[in-house]
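# Commentary on secondary and tertiary structure
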Amino acid sequence: MRQFSFRLACVGLVGSLILAGCGGSQVQESSTLRDVTCDSTSLWAGRPALSGLQIPDNNTSGITVTWDNQNCSLKSVSSARIEMCLAHTSPADLSWSILPPNSALALTLPSPTPLGSSCDSEQGQLQSIQLLSAIGTGPVSQGRWALQVKDRSLGNTGTLIQWRLILQGLQ
């Protein structure tokens, strides 16, 4: 039997047995596929809520933030979303795209959906973008992810305060 070590927030389910697989603990490999969540929580925790990246106003380059997921791979993806803490006076001015691992083409994303609450810091609003229709269900979880945000209109500015990527599927 091989052993895996994960550094991300992952929980695996095999039957009714729950296997915790993060924080450096070990997960025993099983011949049965299990439901696993790969969560870039370290990005959220690593970027304090009072910091963030200013999104340049009316700028075609925008900002790009990345997550290098080397520790959690999925054979198939059943759910994928980005959660973010965004402070922007006009979110409709923003365009979003994501570059999955091993892809040469960034995928255009829909506008974020407000989740109805403010961020932990009380700055900005918690929002979400569902990714499954953009990335598909294939094995695309492991590797470097790049999220790009562009402000396409002059006059309103904002900040991407925090973000994280959450993928769920079979491992």
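Residues numbered from 1 in each chain as written. Predicted model: local features only at pLDDT ≥ 70, side-chain atom pairs only at ≥ 80, totals over all residues. Heavy atoms only, no water.

### So, the side chain of His88
With respect to the element layout, His88 can be found in strand β8 (residues 76-88). On the accessibility criterion, His88 (12% relative accessible area) is buried. Polar contacts involving the side chain of His88 include one to the main-chain amide nitrogen of Ser90, which spans 2.9 Å. In terms of polar contacts, His88 uses its side chain to reach the side chain of Asp151, at 3.0 Å. (Helix = DSSP H or I, 4+ residues; strand = E, 2+ residues; numbered from the N terminus. Buried < 20%, exposed > 50% of the residue type's maximum accessible area, 1.4 Å probe, protein only. Polar contact = N/O pair within 3.5 Å; in protein donor to acceptor, adjacent residues only side chain to side chain.)

### Observations regarding the state of the cysteines
Per the counting criterion, the structure on display carries one disulfide. Disulfide pairing places Cys38 opposite Cys72 at an S-S distance of 2.1 Å. Across the S-S bond of Cys38 and Cys72 the torsion is about -75°, and the bridge reads as left-handed. Placement of Cys38 in strand β5 (residues 35-39) and of Cys72 in the loop between β7 (59-69) and β8 is noted, with a sequence separation of 34 residues between them. The residues Cys38 and Cys72 share a single accessibility class, namely buried. (Disulfide = S-S within 2.5 Å.)

### A short note on the sheet that holds β7
Spatially, β7-β13-β9-β10 is the arrangement adopted by the four strands of the open sheet, whose pairing is antiparallel. In this open sheet, the two edge strands, each paired with only one partner strand, are β7 and β10 (107-109). Averaged over all pairs of adjacent strands, the angle between their axes in this sheet comes to 25°, without regard to strand direction. Note: strand β9 (residues 94-99) against strand β13 (residues 143-151), six bridges, orientation antiparallel. Within β13, the residue paired with Leu94 across the bridge is Asp151. (Pairing = 2+ DSSP bridges. Axes fitted to C-alpha atoms, helices over the stretch in contact; angles between N-to-C directions.)

### Here's the deal with the nonpolar core
One finds Ile82, Trp96, Leu160, Trp163 and Leu167 to be the most contacted residues of the largest nonpolar core, which totals 28 residues. At the level of elements, β5, β7, β8, β9, β13 and β14 (158-170) are the ones that each hand at least two residues to this core. Ranked by residues supplied to this core, first place goes to β8 with five residues. If sequence neighbours within four positions are ignored, Leu160 has contacts with Gly52, Leu53, Ile55, Ile63, Val65, Met84, Cys85, Leu86, Trp96 and Val149. (Core = buried A, V, L, I, M, F, W, Y, C linked by side-chain atoms within 4.5 Å. Contact = heavy atoms within 4.5 Å.)

### Here's the deal with the environment of Thr108
When you line up the elements, Thr108 lands in strand β10. Taking relative accessible area as the criterion, Thr108 reaches 70% and is therefore assigned exposed. Not counting chain neighbours up to four residues away, the residues in contact with Thr108 comprise Trp96 and Ser97.

### Considerations on the confidence of the model for the protein
Per-chain confidence: the protein averages 76 in pLDDT, with 75% of residues scoring 70 or above. Mean pLDDT across the secondary structure elements of the protein bottoms out at strand β3 (residues 17-20), with 27, and peaks at β9, with 94. Residue range residues 1-30 is modelled with pLDDT below 50. Its contacts to residues more than four positions away, or to other chains, number 73 contacts. (pLDDT = per-residue confidence, 0-100.)

### A short note on the environment of Asn102
By the secondary structure assignment, Asn102 is in the loop between β9 and β10. Among the residues examined, Asn102 registers a relative accessible area of 81% and is labelled exposed. Each C-alpha atom of the pair Asn102 and Val140 lies 7.9 Å from the other, and the pair is 38 residues apart in sequence.

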